[in-house]
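Chain residues, written in single-letter form:
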Amino acid sequence: MPHSFVRLSAPALVLVVANSAAAQSYADFCPGGNPETEAAVVGYVTDPEAATIVPGATVAASWVQFDARQRVEAEVGMEGLYAICGLPRDMEVSLRAIFGDRRGEAVPYTTTVTLAQQDLSLSLTAVPRREEVGSLAGGGSRSRILGSEVIRAEDLVDLPEMSVYELLRQHSLLKFDRMSTLGEVILLTSVTLSSWGSFREQAMEVRINERREGDGVNAIRELSIDEVSRIEILTRTEASARYGGDGYIGALVITTRDR
């Protein structure tokens, strides 16, 4: 589906959120919120290279609290403005603009005041940059996560916000390849498909909350690890045992936290 963008000739709205007499209040952006315990961040999302605002994007705020990943999202309006409410006070959060499979730079922010402005950038033209999970050498915990057949929510707590696609592209058991007739597919590289051992790759379907995805690669591009409770990598034998005839190929089974 094509998206439209608005070229910036001048700021569409002068936003003042500093502690001044002219400042807009928390209630203006978050009616019904509690300014004593909650904070809000507002700002513009722009593509500096194209000199455009980016209406229709999503801004995600994520943080770790009570040993679990937390996430709040807000849509960017037609004027390029977003407002994220319901953030905990005195907490470090990560802000990021997202549009399809494009993700802007993560911006750290500490919610020390009730209302603040933080503008975000998101390139619509540059090649999407792959988020690195970190060094996989040395047998550290991240190396173990990306070599495991099961990934749990607690394994993801210390990772930066990223898509499931970005995470799994770094998994040692998986390979993402472009097939001429199928587009990009996910392959399990640790199994042997022929009795001669000449093939060690197996195509995989994607299931999110047990629903089989027609376009699994694009589905995980748009799914954040903040939303994940569990990821399972199943061989053809394991998938067949669980799903019967539907499991004739392996399965990447993702369970979300809101299930």
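Presented here is an overview of the structure given in this document.

Basis of the calculations
- Position numbers for residues count from 1 along each chain, tracking the sequence in the order it is written.
- Reporting in this predicted model follows two pLDDT cut-offs: at least 70 for local features of residues, and 80 or more for side-chain atom pairs to be given and counted; totals over whole chains, interfaces and linings ignore these cut-offs and use all residues.
- Excluded from the side-chain calculations are hydrogens and water; all other atoms, namely the structure's heavy atoms, are used.
- Numbering of helices and strands runs from the N terminus, with a helix taken as a DSSP run of H or I at least four residues long and a strand as a DSSP run of E at least two residues long.
- Only heavy atoms enter the contact rule, under which two residues are in contact if any of them lie within 4.5 Å.
- Only protein chains enter the calculation, and the probe is 1.4 Å; a residue is then buried if its accessible area is under 20% of its type maximum, exposed if over 50%, and partly exposed in between.
- For this document, the term salt bridge refers to a Lys or Arg side-chain nitrogen within 4 Å of an Asp or Glu carboxyl oxygen.
- Here, strands pair whenever DSSP counts at least two bridges between them.
- Cysteine sulfurs are considered disulfide-paired once they come within 2.5 Å of each other.

**Brief notes about the side chain of T255**
With respect to the helices, strands and loops of the structure, T255 is situated in strand β18 (residues 250–256). Contact partners of T255, with chain neighbours within four places excluded, come to N209, E227, V228, S229 and R230.

**Some details on unusual backbone geometry**
At D67, a position not held by glycine, the phi torsion is positive, near 60 degrees. Among the secondary structure elements, D67 is positioned in the loop between β4 (58–65) and β5 (68–75). The phi angle at N209 is positive, at roughly 50 degrees, despite the residue not being glycine. Position of N209 relative to the elements: it lies in the loop between β15 (202–208) and β16 (211–212). Residue N209 is classed as partly exposed on the basis of its relative accessible area of 24%.

**So, the pattern of salt bridges**
The tally for this structure, following the rule as stated, stands at 16 salt bridges. Across the salt bridge formed by R221 and D101, the nearest N and O atoms sit 3.7 Å from each other. Pair noted here: R221 is in helix α4 (residues 216–221) and D101 is in the loop between β7 (92–99) and β8 (102–103), with a separation of 120 residues, a long-range link. Linking R169 and E184 is a salt bridge whose minimum nitrogen-to-oxygen distance equals 3.2 Å. Note that R169 is positioned in the loop between α3 (164–168) and β13 (174–179) and E184 in strand β14 (residues 183–188), a separation of 15 residues in sequence. Ionic contacts of the salt-bridge type, sharing partners, join the residues R69, R71, E73, R96, R103, E161, E166 and D226 into one network.

**Comments concerning the pairing of β15**
Every regular strand shows the same layout, with side chains that alternate between the two sheet faces. Within β15, six of the seven residues are buried, which leaves the element mostly enclosed by the surrounding structure. In this structure, β14 lies alongside β15, joined through three bridges in antiparallel fashion. In the strand pairing of β15, L188 is matched with Q202. In this structure, β15 lies alongside β18, joined through five bridges in parallel fashion.

**Focus: the state of the cysteines**
One pass over the structure, following the stated rule, counts one disulfide. The partner cysteine of C30 in its disulfide is C85, sulfur to sulfur 1.9 Å. Handedness of the C30-C85 disulfide follows from its S-S torsion of about -85 degrees: it is left-handed. Of the two residues, C30 is situated in the loop between α1 (26–29) and β2 (38–47) and C85 in strand β6 (residues 81–88); the sequence distance between them amounts to 55 residues. Judged by its relative accessible area of 5%, C30 is buried. You can call C85 partly exposed: its relative accessible area is 25%.

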